[in-house]
Amino acid sequence: MVILCLSPGLTYGAGYVIGTYGFGGPMDDISWGAEIGGVFLSDLHPTGGALSAGVGFSVGETDDDVPSTCPHPKKYDDGNEHEGYVICGAEFIPGFFGSVGLGYSTQKVVTIASSGEIDSETEEHLTGMIGLRYVIQGFSTGIGFHTRRGIMVNAGIAF
């Protein structure tokens, strides 16, 4: 995977770097991130087209203002949610790729009781994503759905 992402020339392909932006979804806050990967021709593709593989990260801006006391026990997000993921895709018509990905995110959560007692834990989530990308002459753009971040849009460069 590392060789495919960092040295796409070895596989008769191209690399890409994209930025991502997400909104909506169960996390209910915006997120942003980055992804690097490679697009390469492959005999594994059913029609001899291109495949893609990449790795990325995203940060969900979920940080709440945590009070020192609360009249009723309540959970607060203490800091941002962080995610790492892998994503793969296949070209289905020239320039258009369908992509699927899996990731793992963590979020620190605190519960404040009326007595001021604080209970801290880390929530973990297995995430998934599906999308459509268009890649042509040095430019990449796409849209998709993420199980935590909701609608995801991305844009970047291919080299």
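One structure accompanies this document, and this report is about it. (Residues numbered from 1 in each chain as written. Predicted model: local features only at pLDDT ≥ 70, side-chain atom pairs only at ≥ 80, totals over all residues. Heavy atoms only, no water.)

1. Quick look at the pattern of salt bridges
Then step 1. Evaluation of the coordinates by the stated rule reveals 7 salt bridges.
Then step 2. Across the pair arginine 133 and glutamate 35 runs a salt bridge whose closest N-O atoms are separated by 2.9 Å. On the criterion of sequence distance, the pair formed by arginine 133 in strand S7 (residues 118-136) and glutamate 35 in strand S2 (residues 31-41) is long-range, its members being 98 residues apart.
Then step 3. Notably, a salt bridge pairs glutamate 123 with lysine 75, separated by 3.9 Å at the nearest N-O pair. Taken together, the positions of glutamate 123 in strand S7 and lysine 75 in strand S4 (residues 74-77) put the pair 48 residues apart, joining distant regions of the chain.
Then step 4. Given a relative accessible area of 25%, glutamate 123 falls into the partly exposed group.
Then step 5. The network of salt bridges with shared partners includes Glu81, Glu83, Arg148 and Arg149. (Salt bridge = Lys/Arg side-chain N within 4 Å of Asp/Glu carboxyl O. Helix = DSSP H or I, 4+ residues; strand = E, 2+ residues; numbered from the N terminus. Buried < 20%, exposed > 50% of the residue type's maximum accessible area, 1.4 Å probe, protein only.)

2. Some details on the nonpolar core
Then step 1. In terms of nonpolar packing, the biggest core is built from 9 residues, these being Tyr16, Ile18, Val39, Ala50, Tyr85, Ile87, Phe97, Met129 and Ala158.
Then step 2. Mapped onto this core, the elements with two or more residues apiece are strand S1 (13-23) and strand S5 (81-93).
Then step 3. In this structure valine 39 touches Gly13, Ala14, Tyr16, Ala50, Leu51, Ser52 and Phe97, once residues within four positions along its chain are discounted. (Core = buried A, V, L, I, M, F, W, Y, C linked by side-chain atoms within 4.5 Å. Contact = heavy atoms within 4.5 Å.)

3. Remarks on the environment of serine 58
Then step 1. Assignment of secondary structure puts serine 58 in strand S3 (residues 50-60).
Then step 2. Between the C-alpha atom of serine 58 and that of serine 31, which follows or precedes it by 27 residues, the distance is 6.6 Å.
Then step 3. With residues near it in sequence (within four places) discarded, serine 58 still touches Trp32, Gly33, Glu81, His82, Glu83 and Arg149.
Then step 4. Within the structure, the side chain of serine 58 is placed 2.8 Å from the side chain of glutamate 83, a separation counted as a polar contact.
Then step 5. Separated by 3.0 Å, the side chains of serine 58 and arginine 149 make a polar contact. (Polar contact = N/O pair within 3.5 Å; in protein donor to acceptor, adjacent residues only side chain to side chain.)

4. Brief notes about empty space enclosed by the protein
Left-over empty space is what a probe sized like a water molecule reveals as it rolls over the atoms.
Then step 1. By the definition in use, this model includes 2 cavities of 30 Å³ or more.
Then step 2. The computed volume of the largest cavity comes to approximately 130 Å³.
Then step 3. Around the largest cavity, the lining is made up of 16 residues, and of these Ile87, Met129, Arg133, Met152 and Asn154 lie nearest the centre.
Then step 4. Among the elements of the structure, S5, S7, strand S8 (139-146) and strand S9 (150-158) are those that each provide at least two residues to the lining of the largest cavity.
Then step 5. When residues of the lining of the largest cavity are assigned to their parent elements, the largest contribution, 5 residues, is made by S7. (1 Å grid on protein atoms, 1.4 Å probe; cavity = no way out; pocket = protein on both sides within 12 Å on 5 of 7 lines; lining within 4 Å. Points joined across faces, edges and corners; volume = space filled by probe spheres on them.)

5. Quick notes on the side chain of asparagine 154
Then step 1. Topologically, asparagine 154 is positioned in strand S9.
Then step 2. Excluding residues within four positions of it along the chain, asparagine 154 makes contact with Ile18, Gly19, Thr20, Arg133, Ser140, Thr141 and Gly142.

6. Concerning the packing of aromatic side chains
Then step 1. This structure, assessed with the given rule, holds 3 aromatic pairs.
Then step 2. Within the aromatic cluster, the residues linked to one another by ring pairs are Phe92, Phe96 and Tyr134. (Phe/Tyr/Trp six-rings, centres within 6.5 Å; stacked < 30°, edge-to-face > 60°.)

7. A closer look at unusual backbone geometry
Then step 1. You will see that aspartate 28, though not glycine, has its phi angle at about 60°, which is positive.
Then step 2. Within the secondary structure, aspartate 28 is located in the loop between S1 and S2.
Then step 3. The backbone phi angle of glutamine 137 is positive, close to 35°, even though this residue is not glycine.
Then step 4. Tracing the backbone shows glutamine 137 in the loop between S7 and S8.
Then step 5. By relative accessible area, which is 81% here, glutamine 137 ends up exposed.

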